Amino acid sequence: MTHTDAGAELDPVHPVPVPARRAHGLKPAEVAERVARGEVNDVPVRSSRSLGEIVRANVFTRFNAIIGVLWLIMLFVAPLQDSLFGYVILANTGIGIIQEWRAKQTLDSLAVIGEAKPTVRRDGAAVEVSTSEIVLGDLIEIGPGDKVVVDGECVEADGLEIDESLLTGEADPVVKRPGDAVMSGSFVVAGGGAFEATKVGREAYAAQLAEEASRFTLVHSELRTGISTILKYVTWMMIPTAIGLVISQLVVKQHGFKDSIARTVGGIVPMVPEGLVLLTSVAFAIGVIRLGRKQCLVQELPAIEGLARVDTVCLDKTGTLTEGGMDVTELRPLGGADETYVRKVLGALGESDPRPNASLKAIIAAYPDSEEWRCVESLPFSSARKYSGASFSEGDGESSTWLLGAPDVLLGADDPALAETGRLNEQGLRVLLLARIAGELDDPEVARGARPTALVVLEQRLRPDAAETLRYFAEQDVQAKVISGDNAVSVGAVAGKLGLTGQVVDARQLPSDQREMAESLDEGTVFGRVTPQQKRDMVGALQSRGHTVAMTGDGVNDVLALKDADIGVSMGSGSEATRAVAQIVLLNNSFATLPSVVAEGRRVIGNITRVATLFLVKTVYSVLLAVLVVCWRVEYPFLPRHLTLLSTLTIGVPAFFLALAPNTERAQPHFVRRVMRYSIPGGVIAGAATFVTYLIARHYYTGKGSLGAETSAATLTLFLISMWVLAIIARPYTWWRVTLVASMGAAFVVVLIVPWLQHFFALKLVGVTMPWVAVGIAGVAGVLLEVVWRVVDRRGSA
């Protein structure tokens, strides 16, 4: 077995001998010396942007630059009321900065709560420290589920197996022995040990990968990329249109140079959908804050959006549908085995593993260790193997070797013990087999000839909120797939107790071909005996069928699937590796929080789609009006103050409330196409109707003050059509939506009837005939809007 060399000592937990100096770790003075030299793991946490980055991102934008230049021009050539749009931009930018800063504080505080603290051995004592406090030369202890946070050299190993697939792409775990290198970014799948930190901070392998952005990428956000695409199109339209407008207004110049400049700026400003980016970031930020209050850490903002698009949720049973803990309910000796002796074996097996899983913890609680037994060799539990093992010296000169694991893995298909196991599994109970073997633990076929000795029956505690959460997903048309490493019949019984029905499949029977596997996954609901690699393959197979997949899990066997899923969701009590790769961490370990995340995502996407239509209708009609003005060689009908008033009442204020309203609509793909198919016809109708009113008014009004009367008539038409667009987008109506639309209309009426507001906004309806003509044109345009909207709706749903 093992032996000790001179100058080395045998650690009681890790049986591999290590030099005495290294086994005790660094002394306090050595730690202080390394800190002074800067040999600390000081890689910044990627939780959110700094305050400076937030300010820069909100202030220095392409459209802020355009608006800023136009604002400065207006401050010199026009009254204060024509410069109001500039103050609106200042307010928008300020709101954006404040909300994102609040979201950052929420994220950072939750990240601290959820941060894993590696165990470091210093001066002979094991202490938990922050990742950023690790220094060069530290001795770091690791066990199943732990993430390797810095590069190092293995010093102790007890069946240590490390998965490096996130770094190398190699799926099989690597067995590590003293002297082997370990890389940051990998994680432990079995066994335990310790390693000495040889590279910390930015020198570590994973830190270099992260800085090069070659592995760890952000969640894809269709909303974010869609808005960027829209803004790109808007810029292309704006530049030639604005140039044409400037030239035409300076040539026309019937009412003075300054007035022509003011009307030119009035034509350019509304082309910019300046509030769209703000409202998107505010909606995401408020979503983060709301979820933060429910102890949900969103590690990447677009993850909220991603989960709202999910149509398939893959659930790991243990820790998700069931609580982490278990209870031993029965011990069934087999083949005449002595129960007292079996209890001693189980107690010794529990003591042999320094980092027991949930099953072994239940066995430890039920069967205390026998002090005479000594573990001489151990085989840690692995999700791929489905069993663990140990060899003992029993204290009376006898020795024995045992395996503890899945009966259907350790036994042949015709073994009578499997029939009994099946009956227990059908009740939703978990069953482990204790088997004695004659061979060595390092034998590749260690389970061959295993002699069944006892069945250990475990009862899993169902999460009280799991049934309600599964019901929510069913109501929302989201498929739930239970994927577990446990026996398929047992998992199916647990799922059945929670109201989840469907075909139960043993994953060992699944085809390896992706297309065939995808077909099986569509048909089945519960999958048992799934290996970690299979979980990853199953996620890929579902995605190949066009599904947007979320994966929940808390164990090290879930890491690969979590990383490959569209959205990875980890429990706060899960392994460090799962929390590191997940986009969403449920710090309260409550599966019932997921509906809140889905609802928040649907609120953000549905509402941003609504308000984006509002903003882009304005952009389309502004561009069209500018083009028509250039073609007819007339003065632009509006001053900046008119469009500031219209934008505030029909877009700015309503959009803010609509963006934050509840919304349970299923998120739809093709954001840009959906928004543009409404906003283009809406904008064309609004722009054309407004210009028709303006041309009629130009023929109707003559003499001094005619331009003001023409502008007022055109403004009335544009306001009424914009209100109609708002009324359509605000559907389905609730009391507060009706109140919102009505109050915006009432505010415009107040402007029209209060003399000082008439003067301030240069709005006064002259006569009776032309205002009623404006109302009539707006009414015809409104009917056209309704028809076009319904046609678009029908085509979109076809």
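Colleague: Looking at this structure, I do not really get the overall build of the chain. What am I missing?
Modeller: What the chain contains, in helices and strands, is 28 helices and 23 strands. Dimensions along the principal axes, computed over C-alpha positions, put the chain at roughly 120 × 60 × 40 Å. Sequence-distant contacts, at least 24 apart, represent 72% of the contacts inside the chain between residues at least 6 apart. Carbon and sulfur atoms make up 57% of the accessible area of the chain, which amounts to about 33500 Å² in all. Counting 74 positive and 86 negative side-chain charges, the chain places the averaged centre of each group 14 Å from the other.

Colleague: What should I look at first to understand the pairing of strand 13 (residues 374-382) in this one?
Modeller: On a regular strand, each side chain points to the face opposite its neighbour's, so the side chains alternate between the two faces of the sheet. Direction of pairing for strand 13 relative to strand 14 (residues 387-393): antiparallel, over a ladder of 6 bridges. Paired with Ser 382 across the bridge in strand 14 is Tyr 387. Counted between consecutive antiparallel strands, the loop separating strand 13 from strand 14 contains 4 residues, among which Lys 386 sits at a positive phi close to 75°.

Colleague: Could you clarify how one ought to interpret helix 23 (residues 640-659) in this entry?
Modeller: Three- or four-residue spacings in an α-helix give side chains the same orientation, since the helix completes a turn every 3.6 residues. Roughly 50° is the biggest bend found in helix 23, and it falls at Thr 648. Most of helix 23 is tucked away: 15 of the 20 residues are buried.

Colleague: Sorry, what's going on with the sheet that holds strand 18 (residues 479-483) here?
Modeller: Hydrogen bonding along the main chain pairs the strands of a sheet, whether they run parallel or antiparallel. Taken together, 8 strands build an open sheet; the order of strands is 10-23-22-21-11-18-20-19 and the sheet is mixed. Pairing within the sheet leaves two strands with one partner each, and these edge strands are strand 10 (296-298) and strand 19 (503-506). Going from strand to strand, the sheet's axes swing by 20° on average, the running direction of each strand aside.

Colleague: It is not clear to me how the packing of helix 11 (residues 302-309) against helix 22 (residues 594-632) should be interpreted in this structure. Could you clarify?
Modeller: Helix-helix packing is characterised by the crossing angle of the two axes and by the distance between the axes. Two elements in contact, helix 11 and helix 22, have axes separated by 7 Å at closest approach and are oriented at 100°. Looking at the two axes, helix 11 sits roughly perpendicular to helix 22. Where helix 11 abuts helix 22, its residues Ile 304, Glu 305, Leu 307, Ala 308 and Arg 309 lie against Leu 594, Val 597, Val 598, Glu 600, Gly 601, Arg 602 and Ile 605. Here the residues of the contact of helix 11 with helix 22 are counted per class, giving 7 nonpolar, 1 polar and 4 charged.

Colleague: Would you explain the confidence of the model for the chain in this entry?
Modeller: Fine structural detail should not be taken from predicted coordinates in areas where pLDDT scores are low. Mean pLDDT over the chain works out to 83, with 92% of the residues at or above the 70 mark. Of all helices and strands in the chain, the one with the weakest mean pLDDT is strand 1 (residues 8-9) (41), whereas helix 26 (residues 735-753) scores best (95). Scored below 50 in pLDDT, residues 1-21 shows 34 contacts in the model against residues more than four places distant or in partner chains. Note that residues 210-218 has pLDDT below 50 and, in this model, 13 contacts with residues that lie over four places away or in other chains.

Colleague: What am I meant to see in the nonpolar core here?
Modeller: Note on soluble globular proteins: their nonpolar side chains tend to be buried together. Formed by 91 residues in total, the largest nonpolar core has its most connected members in Phe 85, Ile 608, Val 611, Leu 614, Phe 671, Phe 691 and Phe 748. Among the elements that make up this core, the one with the highest residue count is helix 22 (14 residues). Setting aside its immediate chain neighbours within four residues, Ile 608 contacts Leu 223, Ile 227, Leu 279, Thr 280, Ala 283 and Phe 671. By size, the runner-up hydrophobic cluster in this structure holds 41 residues, among which are Leu 470, Ala 480, Val 491 and Leu 498.

Colleague: Please explain the side chain of Arg 463 as it appears in this structure.
Modeller: Turning to its location among the elements, Arg 463 is positioned in the loop between strand 17 (451-462) and helix 16 (466-475). Put simply, Arg 463 is tucked away with no salt bridge, and the nearest opposite charge, on Asp 465, sits 5.2 Å away. Looking at Arg 463, its side chain comes within polar contact range of the main-chain oxygen of Asn 589, at 2.8 Å. Once residues lying within four places of it in the same chain are set aside, the contact partners of Arg 463 are Gly 319, Thr 320, Leu 321, Thr 322, Glu 323, Leu 498, Asn 589, Ser 590 and Phe 591.

Colleague: Explain helix 9 (residues 257-268) here, please?
Modeller: Over its 12 residues, helix 9 runs 17 Å from end to end, which matches the ideal 16 Å to within 8%, given 1.5 Å per residue. Counting buried residues in helix 9 gives 9 out of 12 residues, a clear majority hidden from the surface. Among the residues making up helix 9, those that are buried are Ser 260, Ile 261, Ala 262, Arg 263, Thr 264, Val 265, Gly 266, Gly 267 and Ile 268.

Colleague: Explain unusual backbone geometry here, please?
Modeller: Negative phi characterises most residues that are not glycine, and trans characterises most peptide bonds. Omega for the peptide link from Arg 731 to Pro 732 comes to -5°, which places this bond in the cis form. Within the secondary structure, Pro 732 is located in the loop between helix 25 (706-729) and helix 26. Look at Ala 762: it is not a glycine, yet its phi comes out positive at around 55°. Topologically, Ala 762 is positioned in the loop between helix 27 (755-761) and helix 28 (769-797). What makes Ala 762 partly exposed here is its relative accessible area of 29%.

Colleague: I keep staring at the pattern of salt bridges and nothing clicks. Help me out?
Modeller: A pair can form between side chains of opposite charge whenever their charged atoms are brought close. A complete count under the given rule lists 26 salt bridges for this structure. Here Arg 121 ties to Glu 156 by a salt bridge, and the two come within 2.8 Å at their closest N and O atoms. With a gap of 35 residues between them, Arg 121 in strand 3 (residues 119-122) and Glu 156 in strand 6 (residues 151-163) connect regions that are remote in the sequence. Accessibility assignment for this pair places Arg 121 and Glu 156 in one class, buried. Of the charged contacts in the structure, one is a salt bridge between Arg 508 and Asp 408, with a shortest N-O distance of 2.8 Å. A residue pair is termed long-range when its members are at least 10 positions apart, and Arg 508 in the loop between strand 19 and helix 18 (514-523) and Asp 408 in helix 14 (residues 407-410) qualify at 100 residues. With a relative accessible area of 18%, Asp 408 lands in the buried category. Where salt bridges share partners, they join Glu 330, Arg 332, Glu 420 and Arg 423 into one cluster.

Colleague: Please clarify how a negative patch on the surface should be interpreted in this entry.
Modeller: A surface patch of negative charge is lined by Glu 351, Asp 369, Glu 371, Glu 372, Asp 396 and Glu 398. Relative to the elements of secondary structure, Glu 372 occurs in the loop between helix 13 (358-366) and strand 13.

Colleague: Honestly, the state of the cysteines in this entry has me stumped. Any pointers?
Modeller: What the rule picks out here adds up to 0 disulfides. Note on Cys 296: no disulfide assigned, nearest cysteine sulfur contributed by Cys 314 at a separation of 19 Å.

Colleague: In this structure, what is going on with a nonpolar patch on the surface? I would like to understand it.
Modeller: Residues Leu 72, Leu 75, Phe 76, Leu 80, Tyr 87 and Leu 90 make up a contiguous nonpolar surface patch of about 650 Å² in total accessible area. Sorting the residues of the nonpolar patch by element identifies helix 4 (62-77) and helix 5 (84-114) as the ones contributing at least two each. Here the element with the most residues in the nonpolar patch is helix 4; it accounts for 3 residues. Within the fold, Phe 76 resides in helix 4.

What counts, and where the lines are drawn
Residues numbered from 1 in each chain as written. Predicted model: local features only at pLDDT ≥ 70, side-chain atom pairs only at ≥ 80, totals over all residues. Heavy atoms only, no water. Helix = DSSP H or I, 4+ residues; strand = E, 2+ residues; numbered from the N terminus. Contact = heavy atoms within 4.5 Å. Areas by Shrake-Rupley, 256 points an atom, 1.4 Å probe, with all protein chains shown as cover. Lys, Arg positive; Asp, Glu negative; His and termini not counted. Charge placed at Lys NZ, Arg CZ, Asp CG, Glu CD. Pairing = 2+ DSSP bridges. Bend = angle between axes of the 7 residues up to and from the residue. Buried < 20%, exposed > 50% of the residue type's maximum accessible area, 1.4 Å probe, protein only. Axes fitted to C-alpha atoms, helices over the stretch in contact; angles between N-to-C directions. Parallel < 35°, antiparallel > 145°, perpendicular 65-115°, else oblique. Nonpolar A, V, L, I, M, F, W, Y, C, P; charged D, E, K, R; others polar. pLDDT = per-residue confidence, 0-100. Core = buried A, V, L, I, M, F, W, Y, C linked by side-chain atoms within 4.5 Å. Salt bridge = Lys/Arg side-chain N within 4 Å of Asp/Glu carboxyl O. Polar contact = N/O pair within 3.5 Å; in protein donor to acceptor, adjacent residues only side chain to side chain. Expected span 1.5 Å × (residues − 1). Patch = residues over 30% accessible without salt bridge, like charges linked within 9 Å, V, L, I, M, F, W, Y side chains within 5 Å. Disulfide = S-S within 2.5 Å.

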